[in-house]
Amino acid sequence: MGIEDNNMRNGRGLSDQWADSMVVRPRTTERSITVHKKLVLGFAISILTLIVVTAIAVLLSVRFEECAGESSSRGGNGSNAKFNGSRDGNGNHKDEEAQPWRHLRLPTSLRPRHYDLRLSVYMDNFTFSGEVNIEFECVNSTKFIVLHTDRLEVEKVAVYSDNKKPGVMRIHRQFHYPGNQVYVIALHRELKPMRTYKVNITFDAQIESELLGFFRSSYMLQGERRYMAVTQFSPTHARKAFPCFDEPIYKATFRVSLRHDASYLSLSNMPVEASISDDDGWVTNHFSRTPRMSTYYLAWAVCNFTYREVTTDSGVVIRLYARPNAIQSGAGDYALHITKRLLQFYEDYFKVKYSLPKLDLLAVPKHPYAAMENWGLSVFVEQKILLDPEVSSFSYQMELTMVVVHEICHQWFGDLVTPVWWEDVWLKEGFAHFFEYVGTDFLFPKWNMEKQRFLTDVLHEVMLLDGLASSHPISQEVYDATDIDRVFDWIAYKKSLKYVIVPLQDYLMTHMYSNAGRDDLWNKLTEAMQKEGKDINIKEVMDCWTLQMGYPVVTISKNYSLDHSVTITQEHFVYDREARFRDPDLFNRSLQWQIPLTLALGNSTYKSSEVILWISNKTETHKVGRMDDDMWLLGNINQTGYFRVNYDLHNWRLLIGQLMTNAEIISVGNRAGLIDDVFNLARAGYLPQNVPLQIICYLPQEREFLPWHAASRSLYQLDKLLDRTEDYSLFSDFVLKQVASKYHKMGWPLALTEGSIIQASYQTEELQREVIMLACSFGNKHCHRQAVSLISDWISSNKNRIPPNVRDIVYCTGVSLMDEDVWEFIWMKFHSTTAISEKKVLLEALTCSDNGFLLNRLLNLSLSSDLVPDQDVIDVMIHVGRNPHGRHLAWRYFREKWDILNSRYGEALFMTSKLISGVTEFLNTETELNELKEFTQISGGGAGPALARAVEIVEANVRWHSLYERQIFQWLRKSPNG
């Protein structure tokens, strides 16, 4: 239930008005939950799916100095025990008390109840001064107050007793311990349990240029550079802005006051309660008291922005703040209006009202992440919230929509109910990532996000990363701050809650304004099962998915005998199968899963209804009905499970034959799943290399977007392995033969005429875009001529009539084929356009050149000037690295500028890892591998996990070339389709 307030005295406990005012719709008994064993396993796999996807986003490394702590009640069994006794559960408080600042986690002796934080912000010299009053309760007697601080200059400290005999307590000594980013106050006499105290600290600090803590950003308005300042505290950066108990479990209430020049406005989590103007032209805004919340969700901003607002039916005021010219142009209107619909949708779906009186959306020019879900003040980088419908593509709109959906969901999962500790970060990120698809489906049902795009954009994406030997479980031990970066990766974001059957209202209501761990979720699910008379222990089912790394490959082999049986085996899927021999300790654990395998039989005219088999052993034999020699088996129906499926070669031939003659007997989801599985099984050596190439020969008959999208993603990976080989044209010609008929049939979207926006249906538009992208990327001459013609028309007329949905393809193709003048034209347009989405597309197009001089110029300009926004520098380097003409340039530039890059982005969770992955993932020669290993030894540091993963991927690329490149080209030379 979290931290109880029963022991708070003198009426000074945390305000319960938020909990009291929470409106919860009564649950109806009619909507009972009936969960059969089949669904429970399906749920288990799905939770794993979304959870893995969530956790893999967190591996993207942030470098922290050693920060707080030893494991405070690891495993997440509930929250109350976390403050009682020591974290190891043995109640050994004396060990913790010896030198508590040396422990990697804060001591459990104290717990905060309320912060009064007053800041003066000086935008002229980018500094701020502050005073914080922290009311806290003593749980165990101690002489030490240990708080987090980082880069703060502490001026004065005073400690007060808040009991029957109030007074100032004598301080014996005080000091900063930078190793764990803590400030220690040692007292002459002990603080007593069950009593409350206050500590008052005044301090000064810089408004940093790096994008963490309280940092500054800038933008141009009417030719003048303007500045603003905003916070980014997740996961461990509140300590850079004020002294605090900077761990998720230490929830408290906050009152924030911001004093600044009156030409600026200020925002925080809550509405302004009072605003006082001074004679010196300054203003002080006092914000209302927050609910109980973790420090990393506190936020504020000081800026010159303007806003637009809407109000929900329940009275919540929603405002979108952005640069004045963006607000004036209406670029924020789309996000503002979908946020209004989403707040109402989530209130109905969760049956728990949004907790605050307002929600501000703040669009900032620079931010380390796409967005941050601060309670009541969500911050977005401009590219993820501002949209110009006349120039923005559908894919840009979809991505923006999903970011907004994700962040609004966090107002419940994250802000209201917060994970106990970072090892269970998937509890918030998994829910939010899953609801990206549920919420987007609510907004735009025709997009079919939950049932289709989830498959290719989430499931297939995370399985690439989770198939590495360097992967990790969704829930993983986090002992210190340097481990936190390991849990913020795409495994944590996407490998999780695909089928959430948990009674969400019960879960939210039980843990609101408090913390929860994974066992709290499993307990709620188990209770729901028991109410339905199902004696199923969800924890036992789920632990094999959340506490084990990776996922299985299930191999189904027909026994061609009279008993119509099949043999089913499971093993841990890894791309590097040799890792079993290099790391026997890791792979000799014989990982096994409880797998709900759905199975169907079929032939050219018939497909049976599915059956479900529970696979718990390494090898099992099952009878599945009468099977003739021409009948195929299909596993994992509609791709509901988090595993890959392999078959004997005869069954693969039957499935390929079915796709070639009548693909629609197999569902759209399974067609996409077969393509993804076969390419990845071949890449890992489970299948011959010709099998995936044979399966895509059916694509000319494919009418649905999803299988084309799966094929495009898989071909992209193979293309980057082959694009610097002598025989590359064999592969590109083969792909073009599969694409040609569909390309000529679908054609191009109509060019824009004055004042018109022509749109086809979503499915048609997306399929058309996918086919055009494949055609232009692999060298279709008609596609190239069309792109050059559109660019030439733009240059000659100075009117951009290129349809928004294909602008990125046209720009990139034009830059790669045309002369240097076109590159300069695109560079000029990048600087002159004010549309955020257009800027992004133009900048990426500049990386498509085959001119090494221009690519080097772009790399240098991006890092050494203000011409390219900080967050876009990484994208420039990654896109240059994806260009076969620029791969070696980006790799060399990355190594030469590593010190600068690491100092600028090193502490930002995703950015360094994203950069390392993007620049190295397509290196594939022995020379490049040796260079990477040498670089890793010299420059590992806090980026060690990301570099280790990069080495594994490049080793796999090199190994693939030595084992399979010849196979691919031999088959292509002989194939009638090649």
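Look above for the structure.
Small disclaimer: the values here were computed from a predicted structure and weren't measured.

Enquirer: Explain the nonpolar core to me, please; I cannot follow it from the model alone.
Expert: Core analysis: the largest hydrophobic core is formed by 286 residues, its most contacted members being F242, W300, Y346, W412, I556, F731 and F894. Dropping the residues within four chain positions of it, W412 is found in contact with L343, Y346, E347, F350, V352, K353, Y354, V417 and L508. Judged by nonpolar contacts, the second largest core, of 16 residues, contains F215, L267, C303 and V379.

Enquirer: When you look at the pairing of strand 31 (residues 632-635) in this model, what are you seeing that I'm missing?
Expert: Looking along a regular strand, one sees side chains alternate from face to face of the sheet. Residues W632 and L634 of strand 31 are buried on one face, and the alternating residues L633 and G635, pointing to the opposite face, are buried as well. Examined bridge by bridge, strand 28 (residues 595-602) and strand 31 share four bridges and lie antiparallel to one another. Each residue of the ladder has a partner; that of L601, found in strand 31, is L633.

Enquirer: What is the right way to look at helix 11 (residues 504-511) in this model?
Expert: Three or four residues apart is the spacing at which side chains of an α-helix point the same way, because the helix has 3.6 residues per turn. Where burial is concerned, most of helix 11 is hidden: six out of the eight residues are buried. If you follow the buried residues of helix 11, they end up packed against helix 5 (333-350), strand 22 (417-419), helix 7 (426-443), strand 25 (514-516) and helix 12 (518-531). Looking one or two places after helix 11, you find Y513, whose phi comes out positive at around 60°.

Enquirer: Help me understand helix 21 (residues 762-777), please; the structure alone is not making it clear to me.
Expert: The end-to-end C-alpha distance of helix 21, which contains 16 residues, comes to 22 Å, matching closely the 22 Å that a straight helix rising 1.5 Å per residue would cover. The buried count for helix 21 comes to 12 of 16 residues, which makes it a mostly enclosed element. Immediately beyond the C-terminal end of helix 21, within one or two residues, lies G779, with a positive phi of roughly 100°.

Enquirer: Hey, could you run me through the side chain of R671 in this one?
Expert: Note on placement: R671 falls in helix 17 (residues 668-683). Look past the residues within four positions of R671 in its chain and what remains in contact with it is L659, A663, E664, I666, Y698, E702, E704 and P707.

Enquirer: Would you mind going over the sheet that holds strand 3 (residues 127-138) with me for this structure?
Expert: Strands in a sheet are paired, the pairing made by backbone hydrogen bonds, and the direction either parallel or antiparallel. Spatially, eight strands are ordered 6-5-9-3-2-12-15-14 in an open sheet, and the strand pairing comes out mixed. The open sheet has two edge strands with one neighbour each: strand 6 (167-169) and strand 14 (272-277). Geometrically, the sheet is characterised by an average inter-axis angle of 20° between neighbouring strands, direction not taken into account. In this structure, strand 2 (residues 110-122) lies alongside strand 12 (residues 253-261), joined through seven bridges in parallel fashion. If you follow L119 over to strand 12, its bridge partner there is L258.

Enquirer: Teacher, can you tell me more about the side chain of E429 here?
Expert: Inspection of the secondary structure assignment puts E429 in helix 7. A polar contact is formed between the side chain of E429 and the side chain of H410, at a distance of 3.1 Å. Within the structure, E429 has its side chain in polar contact with the side chain of K428 (distance 2.6 Å).

Enquirer: How should the packing of helix 20 (residues 728-746) against helix 21 be read in this particular structure?
Expert: Between two packed helices, both the angle of their axes relative to each other and the distance between the axes serve to describe the pair. Contact pair helix 20 / helix 21: the axes reach a minimum separation of 9 Å and the direction vectors enclose 135°. Accordingly, the angle class assigned to the pair helix 20 and helix 21 is oblique. Considering how the two elements wind past one another, helix 20 and helix 21 form a crossing that is left-handed. In this structure, helix 20 contributes L736, V739, K742, Y743 and M746 to the contact, and helix 21 contributes T764, L767, Q768, V771, I772, L774 and A775. Tallied by class, residues from the contact of helix 20 with helix 21 come to nine nonpolar, two polar and one charged.

Enquirer: What's the story with the state of the cysteines in this structure? I'm lost.
Expert: Disulfide: a covalent bond connecting the sulfur atoms of a pair of cysteines. This model, assessed by the stated rule, comprises two disulfides. The residue that forms a disulfide with C812 is C848, at a sulfur-sulfur distance of 2.0 Å. Its S-S torsion of about -105° marks the bond between C812 and C848 as left-handed, since a negative value means left-handed. Taken together, the residues C812 in helix 23 (residues 807-817) and C848 in the loop between helix 25 (836-846) and helix 26 (852-864) connect sequence positions 36 residues apart.

Enquirer: Is there a simple way to explain unusual backbone geometry in this structure?
Expert: Excluding glycine, residues mostly carry a negative phi; peptide bonds, for their part, are mostly trans. In this structure, the amide linkage connecting S234 to the following residue, P235, adopts the cis form with an omega of -5°. Its location among the elements puts P235 in the loop between strand 11 (224-232) and strand 12. Its identity is not glycine, yet Q181 carries a phi of approximately 55°, on the positive side. Positionally, Q181 belongs in the loop between strand 7 (171-177) and strand 8 (182-191). For Q181, a relative accessible area of 2% corresponds to the buried category.

Quick notes on the rules
- Residues numbered from 1 in each chain as written.
- Predicted model: local features only at pLDDT ≥ 70, side-chain atom pairs only at ≥ 80, totals over all residues.
- Heavy atoms only, no water.
- Core = buried A, V, L, I, M, F, W, Y, C linked by side-chain atoms within 4.5 Å.
- Buried < 20%, exposed > 50% of the residue type's maximum accessible area, 1.4 Å probe, protein only.
- Contact = heavy atoms within 4.5 Å.
- Helix = DSSP H or I, 4+ residues; strand = E, 2+ residues; numbered from the N terminus.
- Pairing = 2+ DSSP bridges.
- Expected span 1.5 Å × (residues − 1).
- Axes fitted to C-alpha atoms, helices over the stretch in contact; angles between N-to-C directions.
- Polar contact = N/O pair within 3.5 Å; in protein donor to acceptor, adjacent residues only side chain to side chain.
- Parallel < 35°, antiparallel > 145°, perpendicular 65-115°, else oblique.
- Left-handed = near helix turned anticlockwise from the far one by under 90°.
- Nonpolar A, V, L, I, M, F, W, Y, C, P; charged D, E, K, R; others polar.
- Disulfide = S-S within 2.5 Å.

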